[in-house]
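Here's the letter readout for the chains.
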Amino acid sequence: MAQAAVSKMQINHSANWALAGVSFAHLLNDAMQTVVPSAFPLFQQTMQLSFAQMGWIAFTLNITASVLQPLIGYMSDRKPMPILLPGGMLFSLIGVLGFALSSELWMLLVSAALIGIGSSILHPESSRVAHLAAGRGRGMAQSIFQVGGNTGQALAPLLVAFILLPHGQLSFLWLMGFALIGIVIQSSVSRWYRDKLGEKQTLQQPVQSNRIGQPTSQPASRGFIAFTMGILILLLFSKFVYIAGMSGYYAFYYADAYNLPLSQAQICLFILQFAGMIGTLLGGPLADRYGRKPMIWFSIAGTAPFSLLLPYAGPALSMVLCGIIGLILMSGFSVIIVYAQELLPRHIGTVSGLFFGLSFGMAGLGSVVLGSLIDVTSISFVIKLCSFLPLLGVCAVFLRRDRPRTA
């Protein structure tokens, strides 16, 4: 019995290290990805880009991830591919190099596409690793994985404020170190992932034979699944288009409205993303304890009072509100993914790829539309318009209530 306990501890230890590895790789990936829209002021200064052109950069970055992620998730459900874990970071490495050397808009677009491809490869397989390492705490595991990404997003404005803006476009070369570290970490995780897949395949047949004759739960109807997925996608729309407006354009609004430097506006975005990191870490465990539906509802609709107030607050109160918005709004994404995974338990990679892909695609389209709208109206009008998006969170009342996992 003691030997079995030691063996179980070793398995849990290795699973925890794998989960920590994909979370840290997620941090590095999302830091490189979020630096791109956060660096819009730099591109505007060096290349005199319009808001619409900057929106197309964000669109290219996000649409490549949006289109490819569901496909890669579907392929990984049919045949898991551990080699994709370090492979995604290789694309990001080339993309960051491209941003450092770009001198024209088309070069920025190609570099953005490469980083988008790297992100699309990383997310579905890394999310599958988090699911394999989760045990019963799926919400907690998905939150740990997601909090890595939120931490990277929080670091991006600081990287722009203290490295890119002071030292220019060539300082993108420093971010190549992020990609190289990510390749090393993901290579290690891929070995654990490959071994885990081998163990799972060996145990699958006996487990299936033991379940013969046991009653199975009645699957949900296709109509119910389609309706629920539609609600979840609408919630993603409200969340990520709002985040696209904040991360891409709020710095311009903040600097213009309060006559402050853009570097100080980046600090405001850092507070938003840092609070989001804490919210993500708390969201999964709270959902495991109290249920997915209440947490999803709170994370979107609970943001609305603060987002509506933000455009009318002063510079100091704006930073406080950004912290509250990030804390509440970011707490729900990992919960939405777990809710969808439990709705379609045989399609973990496809669901992960679909939802990560949709989040990037909506953010990309939102950046283009909002940037074009700023060019024909004003930055103030668009920021005020975006403040109404979290009100769509009330649609979460139509989700079926799940039973909390107290274990």
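Up top is the structure these notes are about.
All of the points below concern the structure found in this document. Computed from a predicted structure; not experimentally measured.

Procedures and definitions
Residues numbered from 1 in each chain as written. Predicted model: local features only at pLDDT ≥ 70, side-chain atom pairs only at ≥ 80, totals over all residues. Heavy atoms only, no water. Helix = DSSP H or I, 4+ residues; strand = E, 2+ residues; numbered from the N terminus. Buried < 20%, exposed > 50% of the residue type's maximum accessible area, 1.4 Å probe, protein only. Phe/Tyr/Trp six-rings, centres within 6.5 Å; stacked < 30°, edge-to-face > 60°. Lys NZ or Arg CZ within 6 Å of the ring centre and 35° of its normal. Core = buried A, V, L, I, M, F, W, Y, C linked by side-chain atoms within 4.5 Å. Contact = heavy atoms within 4.5 Å. Patch = residues over 30% accessible without salt bridge, like charges linked within 9 Å, V, L, I, M, F, W, Y side chains within 5 Å. Areas by Shrake-Rupley, 256 points an atom, 1.4 Å probe, with all protein chains shown as cover. Salt bridge = Lys/Arg side-chain N within 4 Å of Asp/Glu carboxyl O. Axes fitted to C-alpha atoms, helices over the stretch in contact; angles between N-to-C directions. Parallel < 35°, antiparallel > 145°, perpendicular 65-115°, else oblique. Nonpolar A, V, L, I, M, F, W, Y, C, P; charged D, E, K, R; others polar. Disulfide = S-S within 2.5 Å. Left-handed = near helix turned anticlockwise from the far one by under 90°. Expected span 1.5 Å × (residues − 1). Bend = angle between axes of the 7 residues up to and from the residue. 1 Å grid on protein atoms, 1.4 Å probe; cavity = no way out; pocket = protein on both sides within 12 Å on 5 of 7 lines; lining within 4 Å. Points joined across faces, edges and corners; volume = space filled by probe spheres on them.

Now for the overall build of the protein chain. Across its full length, the protein chain holds 15 helices and zero strands. Across the 407 residues that make up the protein chain, the buried fraction comes to 55%.

Turning our eyes to something else, we now look at the packing of aromatic side chains. On inspection of all chains with the given rule, the structure shows 12 aromatic pairs. The structure contains a cluster of three or more aromatic residues connected by ring pairs, namely Phe40, Phe51, Tyr249 and Phe252. Just above the ring of Phe240 sits the side chain of Lys239; from NZ or CZ to the centre is 4.1 Å.

On to unusual backbone geometry, then. The phi torsion at Gln48 lies on the positive side, around 50°, for a residue other than glycine. As for its position among the elements, Gln48 is in the loop between α2 (40-47) and α3 (51-78). A positive phi angle, near 55°, is found at Asn259, a position not held by glycine. By the secondary structure assignment, Asn259 is in the loop between α8 (222-258) and α9 (262-290).

Quick look at the nonpolar core now. Core analysis: the largest hydrophobic core is formed by 106 residues, its most contacted members being Phe43, Phe172, Leu232, Tyr250, Ile296 and Phe355. Ranked by residue count, the leading element in this core is α8, at 19 residues. With sequence-adjacent residues up to four places away left out, Phe355 is seen in contact with Met229, Leu232, Leu236, Phe333, Ile336, Ile337 and Ala340.

There is a patch of nonpolar side chains on the surface, built from Phe227, Trp297, Phe298, Val394, Val397 and Phe398 and spanning about 590 Å² of accessible area. Following the sequence through the fold, Val394 ends up in the segment after α15 (379-386). Assessed through its relative accessible area of 45%, Val394 is described here as partly exposed.

Within the secondary structure layout, Ser119 lies in helix α5 (residues 105-132). We classify Ser119 as buried; its relative accessible area is 0%. Not counting the four nearest positions on each side in its chain, Ser119 is found in contact with Asn29, Gln33, Gln69, Ser92 and Phe360.

Inspection of every chain in the model, using the stated rule, returns one salt bridge. Linking Glu342 and Arg292 is a salt bridge whose minimum nitrogen-to-oxygen distance equals 2.9 Å. Linking Glu342 in helix α13 (residues 333-343) with Arg292 in helix α10 (residues 292-301), this pair joins segments that are 50 residues apart in sequence.

This paragraph deals with the side chain of Gln146. Checked against the element boundaries, Gln146 lands in helix α6 (residues 138-167). By relative accessible area, which is 5% here, Gln146 ends up buried. Excluding residues within four positions of it along the chain, Gln146 makes contact with His26, Thr280, Phe333, Ser334 and Phe356.

We now examine the packing of α3 against helix α14 (residues 348-376). Direction vectors running N to C along α3 and α14 enclose 170°, while the axes themselves pass 7 Å from each other. Here α14 runs roughly antiparallel to α3, going by the angle between their axes. Considering only residue class, the contact of α3 with α14 consists of 18 nonpolar, 15 polar and two charged.

So, on to the state of the cysteines. In total, this model carries zero disulfides according to the counting rule given. There is no disulfide at Cys322, and the cysteine sulfur nearest it, in Cys268, is 3.5 Å away.

Now for the packing of α2 against α3. It is the contact of α2 with α3, at a shortest axis distance of 11 Å, that shows an interaxial angle of 130°. Relative to α3, α2 is oriented oblique. Along this stretch, α2 crosses α3, giving a crossing that reads as right-handed. Residues Phe40, Phe43 and Gln44 of α2 form the contact with α3, whose participating residues are Phe51, Met54, Ile57 and Ala58. For the contact of α2 with α3, the per-class residue count stands at six nonpolar, one polar and no charged.

Turning next to α9. Along its 29 residues, α9 runs 41 Å from first to last C-alpha, staying within 8% of the 42 Å computed at 1.5 Å per residue. Of all bends in α9, the biggest is about 25°, found at Gly283, and the proline Pro285 comes one to four residues later.

Here the focus is empty space enclosed by the protein. Summed over the entire model, instances satisfying the criterion amount to two cavities of 30 Å³ or more. Estimates place the volume of the largest cavity at around 380 Å³. Surrounding the largest cavity, 26 residues form its lining, Thr34, Gln153, Phe240, Ile243 and Phe360 being those nearest its centre. Contributions of two or more residues to the lining of the largest cavity are made by α1 (2-38), α3, α6, α8, α9 and α14. Partitioning the lining of the largest cavity into residue classes produces 11 nonpolar, 13 polar and two charged.

Counting through the fold element by element, Ile336 comes out in helix α13. Through-space distance from the C-alpha of Ile336 to that of Lys293 is 8.7 Å; in sequence the pair is 43 residues apart. Contact partners of Ile336, with chain neighbours within four places excluded, come to Leu232, Leu235, Leu236, Ile296 and Phe355.

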